[in-house]
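# Reading the structure
Listed below are the residues making up each chain.
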Amino acid sequence: MTAQTAQNDPYLIISSDCHAGLPTEQYRPYLDSGFHRDFDDFLGQRDARREEMTRLGVRNEAFAAKWFQDNEEGLRGGWDTARRLKELDGDGVAAEVVFPDADAVDSRTAAPFGVGLGLSGDQDPRLGMAGAQAHNRWLAEFVARNPERHCGVALLPVTGDVEKVVAEIHRAKESGLGALMIPSMWVDRAPYHDRRYDPVWAAAAETRMPVVTHSGAAPRHEYGDHLGIYVSEVTWWPARPLWFLLWSGVFERHPGLRFGVAESGCWWLPNQLWFMDRLYLGAHGGKKLSPFAELKRPPSEYLDRQVFICATNTKRRELAQRYEIGVDNILWGSDFPHPEGTWPDTRAWLKRTFHDIPVTETRRILGLAAAEVFGFDTAELAPLARRIGPTPEELGQPDDQGAVEASWARSREVGRHWLTGHDFPVLGVSP
């Protein structure tokens, strides 16, 4: 359902990337009793994991101590519903997509057996599914308290037994969860172009649960103590499944499947999309290659039909490329309650970032596109948005929006210039 919106109405903001998780030891009641001994072993290793992350330079203890001290009350919103709603309201966020919390950098709220943001294809399938189900059970209870404001993302260890994976999709849907997070890395298991996963994609499409990867997992054992290597690659791993699914025809075979990449930015997509489209359309550099028989249309058409990017903390440079990416394909996120996100200063951040972006496009990026992907009822959220959402005036957007819209007309027309053979730059905002 949708609500009619006047030009100067407050924004209905939906964060496509937020996080929640219990303090780890509190997951015990949600875990099948047969795994309690394994869970005790996992809890006993927490200090060692934290020390290892500090030694490798992944965890900055001084920063972490100050962050937790300065935001102690607000951080309780990671699992306390009342506190969470207070923090969301303060940021002007009417609704959110709720991913698990971190596993390694802050293990205070790690899901059992490291299956949160560190969910990986090489985890013990038995422990992986047990830990995922424990988190999913808790999350279903958590979002059920205010279902209109939360879309819970179920953890899905997709590289395990296919029948069990499909069963968990249906169980998660019936419990009230609305999306599925799969590992960004399959490691030594079957890659996502393998047809063994087709029942999983079919079940996700049938239940209308978008499938999402999220940054976090990476082959850290390769990096040593060189943190720069890790941060240079960490956004590549969750993006990689996109071209595995696309070129192997998964989107063609399952047109109802929606797939997204979260907290990996969208700066990498315009050139990647340009490269893939030109290959498919027969650019000179791809003529020696075999036909791409699994596809019936250019990659950009699959992107517009089935792919979205949860572009957390979207940057000015990325907004300058929005017509190449597609305005409706960019879903903003606050990353609450993580320190690399915009909380607790989201309103100021939005003003700095969106002050000269047309209002109609801002509404799509900040909420309406996410509502369509994740199934939020905008009519139900509208009264809340009118109460807590920032207005275009508060974001410093100009009064004469007609003139602003007109000034971007040429940029929209030539957004994907490679499809028309034009090789000229896209107009955009300054970085």
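Reading guide: rules and limits
Note on numbering: residues in each chain are counted from 1, in written sequence order. Owing to the predicted nature of the model, reporting of local features is limited to residues with pLDDT of at least 70; listing and counting of side-chain atom pairs is limited to 80 or more, with chain, interface and lining totals taken over all residues. Hydrogens and waters are ignored; side-chain quantities use all the structure's heavy atoms. Going along the chain from the N terminus, every DSSP run of H or I of four or more residues is numbered as a helix, and every run of E of two or more is numbered as a strand. Buried residues are those whose accessible area, probed at 1.4 Å on protein chains only, stays under 20% of the maximum for their type, while exposed residues exceed 50% and partly exposed ones sit between those limits. Any two residues having at least one pair of non-hydrogen atoms within 4.5 Å are treated as being in contact. Note on areas: these come from Shrake-Rupley sampling with a 1.4 Å probe, and a residue is covered only by the protein chains present in the view. As defined here, a cavity is a set of points on a 1 Å grid over the protein atoms alone where a 1.4 Å probe fits but cannot get out. A pocket is an open set with protein on both sides within 12 Å along at least five of seven lines, and residues line them when an atom is within 4 Å of a point. Grid points are joined across faces, edges and corners, and a volume is the space filled by probe spheres set on the points. For this classification, the nonpolar set comprises Ala, Val, Leu, Ile, Met, Phe, Trp, Tyr, Cys and Pro, the charged set comprises Asp, Glu, Lys and Arg, and every other residue, Gly included, is treated as polar. What makes a nonpolar core is a set of buried Ala, Val, Leu, Ile, Met, Phe, Trp, Tyr and Cys residues whose side-chain atoms join them at distances within 4.5 Å. A residue's pLDDT is the predictor's confidence in that residue, given on a scale from 0 to 100. Here, a salt bridge means any Lys or Arg side-chain nitrogen found within 4 Å of an Asp or Glu carboxyl oxygen. When DSSP finds two or more bridges between a pair of strands, those strands are recorded as paired. Under this definition, polar contacts are N or O atom pairs within 3.5 Å; protein pairs additionally need one hydrogen-donor-capable and one acceptor-capable atom, and for neighbouring residues in sequence, both atoms have to be side-chain atoms. Lines are fitted to the C-alpha atoms to define the axes, a helix being fitted only along its stretch in contact, and any angle between axes, read from their N-to-C directions, falls within 0 to 180 degrees. Should an angle fall under 35 degrees it is called roughly parallel, over 145 degrees roughly antiparallel, and 65 to 115 degrees roughly perpendicular, with every other angle called oblique. A crossing counts as left-handed when the near helix is turned anticlockwise from the far one by less than a right angle, and as right-handed when that turn is clockwise.

Our next topic: the overall build of the chain. Along its length, the chain carries 20 helices and eight strands. Going through the 431 residues of the chain one by one, you find that 59% of them count as buried. Nonlocal contacts in the chain, meaning residues at least 24 apart in sequence, comprise 77% of its contacts between residues at least 6 apart. Accessible surface, the chain as shown: approximately 18300 Å² in total, 51% of it carbon and sulfur.

Another aspect to go through is the layout of surface pockets. By volume, the second largest pocket is sized at about 460 Å³. Lining the second largest pocket are 26 residues, with Gly-178, Arg-208, Val-373, Phe-374 and Gly-375 sitting closest to its centre. For the lining of the second largest pocket, the secondary-structure elements that each account for two or more residues are α6 (125-144), β3 (150-155), α7 (162-175) and α17 (359-374). Classifying every residue of the lining of the second largest pocket gives 13 nonpolar, six polar and seven charged.

Glancing now at the nonpolar core. Of all hydrophobic cores here, the largest spans 84 residues; its most connected members are Tyr-192, Val-200, Trp-201, Phe-251, Trp-332 and Phe-354. Ranked by residue count, the leading element in this core is α6, at nine residues. Discounting chain neighbours no more than four positions away, the residues touching Val-200 are Leu-156, Val-158, Val-162, Val-165, Val-166 and Ile-169.

Between Phe-336 and the following residue, Pro-337, the backbone shows a cis peptide bond with an omega angle of 0 degrees. If you trace the backbone, Pro-337 turns up in the loop between β8 (330-333) and α16 (346-354). For the bond from Trp-343 to Pro-344, the omega torsion is 5 degrees, close enough to zero to count as cis. Counting through the fold element by element, Pro-344 comes out in the loop between β8 and α16. The phi torsion at Phe-113 lies on the positive side, around 65 degrees, for a residue other than glycine. Looking at where Phe-113 falls in the secondary structure, it is placed in the loop between β2 (93-99) and α6. In this structure, Asn-313 is a non-glycine residue whose phi angle is positive, near 55 degrees. In this structure, Asn-313 sits in the loop between β7 (307-312) and α14 (316-319).

Another aspect to go through is empty space enclosed by the protein. On inspection of all chains with the given rule, the structure shows two cavities of 30 Å³ or more. Of the voids in this model, the second largest cavity is the one considered here, and its volume is about 30 Å³. Ranked by residue count, the leading element in the lining of the second largest cavity is helix α12 (residues 269-280), at three residues. Split into classes, the residues belonging to the lining of the second largest cavity amount to eight nonpolar, no polar and no charged.

A few words on the confidence of the model for the chain. Overall, the predicted model of the chain reaches an average pLDDT of 89, with 88% of residues at or above 70. Counting interchain partners and residues more than four positions distant, the pLDDT-below-50 stretch residues 424-431 has 24 contacts.

Looking now at the pattern of salt bridges. Applying the stated criterion across every chain, the model contains 20 salt bridges. Across the pair Asp-40 and Arg-28 runs a salt bridge whose closest N-O atoms are separated by 2.2 Å. Linking Asp-40 in helix α1 (residues 36-44) with Arg-28 in the loop between β1 (13-19) and α1, this pair joins segments that are twelve residues apart in sequence. Accessibility expressed as a relative area gives 28% for Arg-28, which makes it partly exposed. Here the residues in one salt-bridge network are Glu-73, Arg-76 and Asp-80, joined through shared partners.

A few words on the pairing of strand β6 (residues 259-262). In the case of a regular strand, side chains alternate between the two sheet surfaces. On β6, burial covers both faces: Phe-259 and Val-261 on one face and Gly-260 and Ala-262 on the other are all buried. Direction of pairing for strand β5 (residues 211-214) relative to β6: parallel, over a ladder of four bridges. Residue pairing in the sheet places Val-212 in a bridge with Gly-260 of β6. With four bridges joining them, β6 and β7 adopt parallel strand pairing. Of the residues in β7, the one forming a bridge with Gly-260 is Phe-308.

Structurally, the position occupied by Gln-397 is in the loop between α18 (378-388) and α19 (401-407). There is a polar contact of 3.0 Å between the side chain of Gln-397 and the backbone oxygen of Phe-354. If near-sequence neighbours (up to four positions away) are discounted, Gln-397 is found in contact with Tyr-11, Phe-354, His-355, Ile-357, Val-359, Thr-362 and Pro-392.

Let us now look at helix α8 (residues 198-207). Among the residues making up α8, those that are buried are Asp-198, Val-200, Trp-201, Ala-203, Ala-204 and Thr-207. Buried residues belonging to α8 abut α7, β4 (179-181), β5, α10 (236-247) and α11 (250-253).

With that out of the way, let us pick up the packing of α10 against α12. The N-to-C vectors of α10 and α12 enclose an angle of 20 degrees; their axes lie 13 Å apart at closest approach. Between α10 and α12, the crossing angle belongs to the class labelled roughly parallel. Seen along the crossing, α10 lies across α12 with a hand that is right-handed. Contact with α10, carried on its side by Leu-242, Trp-243 and Trp-247, involves Leu-269, Gln-272, Met-276 and Tyr-280 of α12 and no other residues of that element. When its residues are assigned to classes, the contact of α10 with α12 shows six nonpolar, one polar and no charged.

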